[in-house]
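# An overview of the molecular structure
Listed below are the residues making up each chain.
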Amino acid sequence: MEIINSIVGLGAAVMMPIIFFVVGLIFRLGIGKSFKAGMTVGVGFVGVSMVINLLLDNLGPASKAMVNRLGMHLNVVDVGWPTASTIGWGTPIMAAAVVGFIVINALMLLLKFTKTVNVDIFNYWNFLQVGALVFAVTRNFWFSVAISWVAFAVVLKVADLAAPYIQKQYNLKGISFPHIAGLAWAPIAIVVNWIVDRIPGLRKIEFNAEKIQKKFGAFGEPVVLGFILGLVIGILAGYSPDKALGLSINVAAAMVLLPKMINVLIEGLVTVRDAAEKQLKIWFPKREFYIGMDTALLIGEPSVLATGLLLIPIAIVLSLILPGNSMLPFADLASLTFLLALVTPFVRQNMFKMLIVGTISIIIILYVGSSISPYFAQSAVMANIKLPADFSGIGSMTSAASSWIGWVAVKIGELFNAIV
């Protein structure tokens, strides 16, 4: 357990270069090229993290100011994905579950049940958090571990199925995204796309970053869209003019810099992927493999970023008006873009449909978060995480545990208790 925690504690910026250096050597890229590719991936992760932190550090306080300005007093608080990930890695089932994830991936590859080689080790926390919920419900160690293993295996297969659509949309050959918290909303996107396409009038509504740019010229550029959206959020937060202007500049900077940093990361990734593809064709001439990565690679797409920003005030309003909701959107408001990254390919990059999917997803998250918050809180206690004062429960808007998957996991745990 200490060894796994030490590796995870290195962070993605250190872990990814090591992983890709080793992968490069395995696929005979050579020491020099493997080292350069690994370092480029690491530099890319540092750049992406810096820009994401710039966005979160500026949007987080603005989101909280909106919440405070509206005088919201809900008793289940969104503690954010960083806390949820700490709970996942701190759960008692962690060591057994992680070893199982690695073995399951290897066996599924060997038996041709998946094409995905999941190197996105840090995001194992989402599967661990789901298992932690079940453990909080059942107190049964191996049943909880088994649920996390099943979730992991299913997501590998779903990542395979989604990969062709995502690769085409984002022009990322040979990549898949076994990210349970993102893939959770893909079925909703498919249903929304099908329904909207059959409603006269609505099916003709189509917004995406490229069309907006063509129609509005300079005012449709990501830098200008980011500035406008940042300014609107600043005004809703009750910021002074100078503070609102500062927020809008920082959001605009993120809209411009994030795609550039992602391109650096992809440069190193492509080098290793090409070597792997070449060598795998020699070793396994009739097979295709995908490298499983984090959805952070995708959120630099202007449509994803812009729609994610629009979801912030929507989430706050929904939490106020939904009957029976007790969850307060808070720490994860600035991270709502992650809900949309794997939705985009299934709605053909249409921001109108993305906004519908995002709104439906937030409604589900608020009700699920309200429902399972006691178990979420118990999983935090088991991981030795101190709970925030004055709240009866906790949740995370962008974790798998607060999606419909978390609700299903809890119900399976309750059913297990009833049977046993």
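What counts, and at which threshold
- Residues numbered from 1 in each chain as written.
- Predicted model: local features only at pLDDT ≥ 70, side-chain atom pairs only at ≥ 80, totals over all residues.
- Heavy atoms only, no water.
- Phe/Tyr/Trp six-rings, centres within 6.5 Å; stacked < 30°, edge-to-face > 60°.
- Lys NZ or Arg CZ within 6 Å of the ring centre and 35° of its normal.
- Pairing = 2+ DSSP bridges.
- Helix = DSSP H or I, 4+ residues; strand = E, 2+ residues; numbered from the N terminus.
- Contact = heavy atoms within 4.5 Å.
- Axes fitted to C-alpha atoms, helices over the stretch in contact; angles between N-to-C directions.
- Expected span 1.5 Å × (residues − 1).
- Buried < 20%, exposed > 50% of the residue type's maximum accessible area, 1.4 Å probe, protein only.
- Parallel < 35°, antiparallel > 145°, perpendicular 65-115°, else oblique.
- Left-handed = near helix turned anticlockwise from the far one by under 90°.
- Nonpolar A, V, L, I, M, F, W, Y, C, P; charged D, E, K, R; others polar.

### Quick notes on the packing of aromatic side chains
For any pair of aromatic rings, the description consists of the separation of the ring centres together with the inter-plane angle of the planes. Per the counting criterion, the structure on display carries 11 aromatic pairs. Seen from their ring centres, phenylalanine 135 and phenylalanine 141 are 6.5 Å apart, and the 85° between their planes marks the pair as edge-to-face. Linked through ring pairs, Phe101, Tyr124, Phe127 and Phe152 together constitute an aromatic cluster. Between the NZ or CZ atom of lysine 243 and the centre of the ring of tyrosine 239, over which it lies, the distance is 4.6 Å.

### Regarding the sheet that holds strand E3 (residues 175-176)
The sheet built from 3 strands is open, its strands ordered E2-E4-E3 with parallel pairing. The outermost strands of the open sheet, each flanked by one partner alone, are strand E2 (116-118) and E3. Pairing geometry for E2 and strand E4 (residues 290-292), over 3 bridges, is parallel. Counterpart to asparagine 118 in the pairing with E4 is glycine 292. Against the sheet, helix H7 (residues 141-170) makes contact with E2, E3 and E4, and its axis sits at roughly 115° relative to E2, the strand it touches most.

### As for helix H5 (residues 94-110)
The end-to-end C-alpha distance of H5 is 24 Å, a good match for the 24 Å that 17 residues give at a rise of 1.5 Å each. When we look at burial in H5, the residues that qualify are Met94, Ala96, Ala97, Val98, Gly100, Phe101, Ile104, Asn105, Met108 and Leu109. Lysine 112 sits one or two residues past H5 and shows a positive phi near 65°.

### Description of unusual backbone geometry
Apart from glycine, the bulk of residues carry a negative phi angle, and the bulk of peptide bonds sit in the trans form. Look at arginine 139: it is not a glycine, yet its phi comes out positive at around 60°. Here arginine 139 lies in the loop between helix H6 (124-138) and H7. Of note in the backbone geometry, asparagine 171 takes a positive phi value of approximately 55° without being a glycine. One can find asparagine 171 in the loop between H7 and E3. Judged by its relative accessible area of 69%, asparagine 171 falls in the exposed class.

### Some points on the sheet that holds strand E6 (residues 393-395)
Spatially, 3 strands are ordered E5-E1-E6 in an open sheet, and the strand pairing comes out parallel. Since the sheet does not close on itself, it has two edges, and those belong to strand E5 (327-328) and E6, each with one partner. Alignment of strand E1 (residues 76-78) against E6, held across 3 bridges, turns out to be parallel. What sits directly across from aspartate 78, in E6, is glycine 395.

### Details of the packing of helix H4 (residues 81-90) against helix H14 (residues 351-382)
Running from N to C, H4 and H14 cross one another at 60°; their axes reach a closest spacing of 8 Å. Between H4 and H14, the angle falls in the class oblique. When the axes of H4 and H14 are compared, the crossing they make is left-handed. Contacts between H4 and H14 involve Ala84, Ile87 and Gly90 from the former and Phe376, Ser379, Ala380 and Met382 from the latter. Residue composition of the contact of H4 with H14, grouped by class: 5 nonpolar, 2 polar and no charged.

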